[in-house]
Amino acid sequence: MKLLTKAVKGTVDLLPEEASKFRFVEALISDIANTFGYREIMLPVFEHTELFARSVGETSDVVTKEMYTFNDKSDRSLTLRPEGTAGVMRAFLEHGLFNQILPEKYFYNITCYRYERPQTGRLREFHQFGVECLGAEDVSADAEIISLANSIFDYFDIEDIELRINSIGCSDCRPNYKKALVEYFEKHIDSLCDDCKTRLDKNPLRILDCKNHECEKLVKDAPKITDYLCEKCKTDLSSLERYLQNMEIDYIIDSSIVRGLDYYNGVVFEFVSGEIGAKSTVLGGGRYDSLSCAIGDKQIPALGFAMGMERFLLLLKENKFEIPKEDECDLFIAYIGEEPKAFAIKLANDFRGQGISTQIDLNARALKGQMKLAYKIEAKNLLVIGEDEIKQGKATIKNIQTKEEREVAFHNILSEAMDIL
Ligand code: HAM
């Protein structure tokens, strides 16, 4: 019989120690988002395939190559979310959340699914921390959201991280830029990969983030969006620069940042680090003012970002950020004999009821085996109950580290123990 003990390629198990670190970091980041007025939103793992096709874009790599799509038993085409933004906008529109004073600010901690080639920091099931600010038009929103992202890296003292910003233009200026791109790439059409030949027709901007080596070489000399921006997009970008300078947030303008998803317009940004293999994007985002119109019938200016948690945790490791170990066991109750065992089981429950994490042996081991277990789980205190203790109505709680001992009477053990545990 074939053993079924191997996880699916591109997925990872987070064993308890890793899981607790992960949750610790996630909670800190969520707290930072709270200080900027973001509240958590929790959405389904799968959505109608059409939602991602129309928002992330029919020509993006995510939609054409990477989605986990399946038909359910009623023959609906569904897709495991490859990202969080489309679902958030869908929920915002579905629940009529635009009928109030805006913006609405949401954050999420989610799993995402993309069929990519797994490598360090790239998985098929991965985690994102993301924020979306819906109903904010002014550039101050772009500045605020970038400063939120920046605060996360600051808080964790991440050193080798670079903020890159760009504008990818709006519906006024982008058509001219697209035209210039088509003219340029048509001259080099023979060197383009097959995918990019199709992209040239359908969405030439997507050629700019093609990973094919030959295409990448061509992209280096392609026209730059910054030379085609309209007055509004130029002014927005320079206002953003002023706000960032004012907040003393370092950045560089990088016209090669185009983002891989189709819903963006205007300001886009990425936080890039050289510490996870090749220069790699840990966090990316920007404005997506037309997404609401692509999937609904409302015009909602919006922006956001998402950060890959696996990549962020790799960065924390590189930067030697100390994640405290979880305290797992305040008290271990060992027993000798049947009556003490029943007593210990009841007592353990009473302690747990008081919020004290308490463990007892579940394998009916002799005292020596129970002690080994207490040391293995790094219990902080030990209480041994035998026939004598039951008879005398008292026992000794020992602090395993300091060796300090204190006698406690069973009739008020909970309140007495509270002082020492
Ligand atoms: P994205 O750039 O596709 O943007 O993904 C954001 C981050 O998710 C990346 O910077 C990276 O850290 C992480 N990531 C992406 N793919 C993988 C993978 N296969 N394995 C591990 N980590 C990965 C978005 O998803 C947009 N929804 C961001 C956004 C929110 N824009 C506006 N609002």
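Not measured: the values here are computed from a predicted model.

Visitor: I'd like to hear about the nonpolar core, residue by residue, with values.
Guide: Across soluble globular proteins, nonpolar side chains have a tendency to be buried as a group. Ranked by internal contacts, the top residues of the largest apolar core, which has 100 residues, are Phe-185, Phe-305 and Phe-312. Setting aside residues up to four positions removed in sequence, Phe-185 forms contacts with Leu-192, Leu-200, Ile-207, Leu-208, Leu-218, Val-219 and Ala-222. Core analysis: the next-biggest nonpolar cluster, separate from the first, contains 17 residues, Leu-347, Ile-397, Phe-410 and Ile-413 among them.

Visitor: Lay out a nonpolar patch on the surface in plain terms, naming residues and giving numbers.
Guide: On the surface, a nonpolar cluster with roughly 240 Å² of combined accessible area is contributed by Val-45, Phe-46 and Phe-70. Classification of Phe-46 by relative accessible area gives partly exposed; the value is 44%.

Visitor: For the sheet that holds strand E3 (residues 68-71), give the residues involved together with the corresponding values.
Guide: As summarised here, the arrangement of the three strands in space is E2-E4-E3, forming an open sheet in which the pairing is antiparallel. At either end of the open sheet lies a strand with only one pairing partner, and these are strand E2 (46-48) and E3. Within this sheet the neighbouring strands show an average axis-to-axis angle of 35 degrees, counted without direction. Where E2 and strand E4 (residues 77-80) come together, three bridges link them in antiparallel fashion. Following the sheet pairing, Phe-46 is matched in E4 by Leu-80.

Visitor: Tell me about the pattern of salt bridges, residues and numbers included.
Guide: For the structure shown, the criterion picks out 30 salt bridges. A salt bridge links Glu-94 to Arg-90, with the nearest nitrogen and oxygen atoms 2.8 Å apart. With Glu-94 and Arg-90 both in helix H4 (residues 85-94) and four residues apart, the pair spans about one turn of that helix. As a salt-bridge pair, Asp-142 and Arg-287 come within 3.0 Å of each other at their nearest N and O atoms. Of this pair, Asp-142 sits in helix H5 (residues 139-155) while Arg-287 is found in strand E10 (residues 280-287), placing the two residues 145 residues apart along the sequence. Look at Arg-287 and you get buried, because its relative accessible area is 5%.

Rules used in this analysis
- Residues numbered from 1 in each chain as written.
- Predicted model: local features only at pLDDT ≥ 70, side-chain atom pairs only at ≥ 80, totals over all residues.
- Heavy atoms only, no water.
- Core = buried A, V, L, I, M, F, W, Y, C linked by side-chain atoms within 4.5 Å.
- Buried < 20%, exposed > 50% of the residue type's maximum accessible area, 1.4 Å probe, protein only.
- Contact = heavy atoms within 4.5 Å.
- Patch = residues over 30% accessible without salt bridge, like charges linked within 9 Å, V, L, I, M, F, W, Y side chains within 5 Å.
- Areas by Shrake-Rupley, 256 points an atom, 1.4 Å probe, with all protein chains shown as cover.
- Salt bridge = Lys/Arg side-chain N within 4 Å of Asp/Glu carboxyl O.
- Pairing = 2+ DSSP bridges.
- Helix = DSSP H or I, 4+ residues; strand = E, 2+ residues; numbered from the N terminus.
- Axes fitted to C-alpha atoms, helices over the stretch in contact; angles between N-to-C directions.

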